[in-house]
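If you want the building blocks of each chain, they are given just below.
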Amino acid sequence: MTVPAEHPLQTPPRAPSPLYGFGTLAVHAGAPHDPTTGAVIEPISLSTTFAQHGVGKPVGAYEYSRSANPNRDNFEQAVAALEHAKHALAFASGSAATATILQSLASGSHVISVSDVYGGTHRYFTQVAKAHGVKVTFTPQIEVDIAEHITDSTKLVWIESPSNPTLRLVDIRAVATAAHARGVLVVVDNTFLSPYIQNPLDHGADIVVHSVTKYINGHSDVVMGLAAFNSEDLKARLSFLQNAGGAVPSAFDSWLAHRGVKTLHLRVRQSSNNALAVAKALETSPYVVAVNYPGLDSHPHRHIAIKQHREGMGGGMLSFRIKGGRIAAERFCQLTKIYTLAESLGGIESLVELPSGMTHAGIPKDQREAVGVFDDLVRISSGIEEAEDLVRDVEQALARAVSEISSNGVNGYSGN
Ligand SMILES: *Cc1c(COP(=O)(O)O)cnc(C)c1O
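Reading the values: rules and limits
- Residues numbered from 1 in each chain as written.
- Predicted model: local features only at pLDDT ≥ 70, side-chain atom pairs only at ≥ 80, totals over all residues.
- Heavy atoms only, no water.
- Buried < 20%, exposed > 50% of the residue type's maximum accessible area, 1.4 Å probe, protein only.
- Helix = DSSP H or I, 4+ residues; strand = E, 2+ residues; numbered from the N terminus.
- Pairing = 2+ DSSP bridges.
- Right-handed = clockwise from strand over helix to strand, strands pointing away.
- Salt bridge = Lys/Arg side-chain N within 4 Å of Asp/Glu carboxyl O.
- UniProt positions renumbered as here; feature names shortened; annotations may be inferred.
- Contact = heavy atoms within 4.5 Å.
- Axes fitted to C-alpha atoms, helices over the stretch in contact; angles between N-to-C directions.
- Parallel < 35°, antiparallel > 145°, perpendicular 65-115°, else oblique.
- Left-handed = near helix turned anticlockwise from the far one by under 90°.
- Near = heavy atom within 4 Å.
- Polar contact = N/O pair within 3.5 Å; in protein donor to acceptor, adjacent residues only side chain to side chain.
- Areas by Shrake-Rupley, 256 points an atom, 1.4 Å probe, with all protein chains shown as cover.
- Nonpolar A, V, L, I, M, F, W, Y, C, P; charged D, E, K, R; others polar.
- Core = buried A, V, L, I, M, F, W, Y, C linked by side-chain atoms within 4.5 Å.

Participant: Explain the pairing of strand S4 (residues 110-114) here, please?
Facilitator: Working note: regular strand, side chains alternate between the two faces of the sheet. Of all five residues in S4, five are buried, a share of seventy percent or more. Pairing of S4 with strand S5 (residues 135-139), which is carried by five bridges, proceeds in the parallel orientation. Note on S5: the bridge partner recorded for Ile 112 is Thr 137. Once you follow S4 into helix H4 (residues 119-128) and on to S5, the crossover reads as right-handed. Here four bridges tie S4 to strand S6 (residues 154-160), and the two strands are oriented parallel to one another. For Val 111, the partnering residue across the bridge sits in S6 and is Leu 156.

Here it is, written out as structure tokens:
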């Protein structure tokens, strides 16, 4: 049987096309058959250098692997298609993507950021960008006061939605409208939702960044980052810095992350369903003080999730406050049987952690508590296991953690 040349499964290159849905693009965008062998899965191109016919006349499209290589190109094309972007650039980590965007700003530039950004982003803003003459203002309610903070030197607004670990949402369109009125670009760190649930460029953002380490790779075995955007000017500036700074991912990691992205839609949907089941169980548990999950109707920003997220999905991340304080929270993290106590998120396996003692331990207690990161706050990354197993695991760990505390009479917990 001959397949017509325009058949989506036949024609290389499989350019991003609005004709195809997310899953089709995840599998096929940036995934041409190998033109010489017909291999359906691209080979890993480990060569650092590429032969030239004559001086300055490379045989193919490549010269030197830091500047560009086939595996990185293919991966970048795949994620660009999923983020509805013209261009994507991959970096050695999410932090390197962030650093490169900040490096593109001239000395004297001003940035406005949401207060509860990723810890490493906060560290770069306060300890590295400052040394290069870039000043960052943090605000806890950016939709409300962005206009007050914009000055003539403001070049960038930095948003994370949902925030980590309290899962507050930001209305991207509202912020972009205010920023664009003053010629300011908007960056959204979309790591927590992945392009399957949220496409920030569709809501007016100029750049979307990812820690590929999390959902996009999804198997907890690659550290990588990415920035995606539409503007040709950004493409010129950021690809120059990608090459000049050289914080690029290896061909092997690019290949692995590309393999990961092909199942992104299946993994993220399952993670989100699992998180919702666990969030509902936590909400009715007598051992829980409060649950933060944007997929619950009780979430204060549920209306933003409905507008901004695919099918109003809440994503795979949630956090909750356990009764019994820090001690109960620590015991909970040790008593789960399926969840592993570890930092990071977005993998196929479920993880649990205590932000106040792990990911957010570097933030002074008063600042931490002002944004809701209390000692009894537990953060969960839902993997793709079975929802019933995860719910049962959370329920048994809650019951044991809280009853141990109340029977020992520790921490003033009264047993209710
Ligand atoms: C992990 C993470 C980063 C940093 O990414 P790395 O790949 O670890 O450098 C940035 N933003 C968010 C939201 C993250 O979760």
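Participant: How should I be thinking about the pattern of salt bridges in this particular structure?
Facilitator: A side chain of one charge can pair with a side chain of the opposite charge when the charged atoms of the two come close. Applying the stated criterion to the full structure yields 15 salt bridges. A salt bridge links Lys 365 to Asp 375; the shortest N-O distance between them is 2.8 Å. Of this pair, Lys 365 sits in helix H13 (residues 365-370) while Asp 375 sits in the loop between H13 and strand S14 (377-381), and the two are 10 residues apart along the sequence. For Lys 365, a relative accessible area of 42% gives the class partly exposed. Linked by salt bridges that have partners in common, Lys 365, Arg 368, Glu 369 and Asp 375 make up one network.

Participant: When you look at the UniProt feature "modified residue: N6-(pyridoxal phosphate)lysine" (unreviewed entry) in the chain in this model, what are you seeing that I'm missing?
Facilitator: As recorded in UniProt, the sites labelled "modified residue: N6-(pyridoxal phosphate)lysine" (unreviewed entry) are Lys 214. Relative to the helices and strands, Lys 214 is located in the loop between strand S8 (207-211) and strand S9 (225-229). Sequence-distant contacts of Lys 214, that is, excluding residues within four places in its chain, are made with Tyr 118, Thr 191, Ser 344, Leu 345 and Gly 346.

Participant: Can you walk me through the packing of helix H3 (residues 94-103) against H4 in this structure?
Facilitator: Axis angle and axis distance: for two packed helices, these are the angle between their axes and the distance between the axes, and together they describe the pair. Put simply, H3 and H4 touch, their axes get as near as 10 Å, and they point 30° apart. When the axis of H3 is compared with that of H4, the two are roughly parallel. Helix-helix and strand crossings are classified by hand; for H3 and H4 the assignment is right-handed. Touching Thr 98, Ala 99, Leu 102 and Gln 103 of H3 are Thr 121, Tyr 124 and Phe 125, all from H4.

Participant: Honestly, the site of the ligand in this entry has me stumped. Any pointers?
Facilitator: Around the ligand sit 13 residues in total, of which Ser 95, Asp 189, Ser 211, Thr 213 and Lys 214 are the nearest. Ser 211 is positioned with one of its side-chain polar atoms (N or O) 2.9 Å from an oxygen atom of the ligand. Thr 213 is positioned such that a nitrogen or oxygen atom in its side chain is 2.7 Å from an oxygen atom of the ligand. When isolated, the ligand has an accessible area of 380 Å², and the protein chains bury 92% of it. Of the residues belonging to the shell around the ligand, the class tally is four nonpolar, six polar and three charged.

Participant: Just checking my understanding: could you explain the nonpolar core for this structure?
Facilitator: Soluble, globular proteins show a tendency: their nonpolar side chains are buried together. Among the nonpolar cores identified, the biggest contains 76 residues, and Phe 75, Ile 101, Leu 102, Val 157, Trp 158 and Ile 207 are the most heavily contacted of them. The biggest single contributor to this core is helix H2 (residues 70-82), with six residues. Those residues in contact with Ile 101, other than ones at most four positions away along the chain, are Leu 156, Trp 158, Val 187, Ile 207, Val 209, Ala 227 and Leu 238. Ala 281, Val 288, Val 394 and Ile 405 belong to the second-largest nonpolar core, a separate cluster that totals 30 residues.

Participant: Which parts of the structure should I look at to understand the environment of Gln 77?
Facilitator: The residue Gln 77 is located in helix H2 in this model. Along the sequence, Gln 77 and Ala 29 sit 48 residues apart, while their C-alpha atoms lie 6.6 Å from each other.

Participant: Could you clarify how one ought to interpret unusual backbone geometry in this entry?
Facilitator: Most peptide bonds adopt trans geometry, and most residues besides glycine take a negative phi value. Following Ser 161, the chain continues into Pro 162 via a peptide bond in cis, with omega recorded as 5°. Following the sequence through the fold, Pro 162 ends up in the loop between S6 and helix H6 (172-180). The phi dihedral of Leu 167 is positive, around 60°, even though this residue is not glycine. Tracing the backbone through its elements, the reader meets Leu 167 in the loop between S6 and H6. The class for Leu 167 is buried, based on a relative accessible area of 1%. Backbone geometry places Ser 194, a non-glycine residue, at a positive phi of 70°. Residue placement: Ser 194 occurs in helix H7 (residues 194-197).

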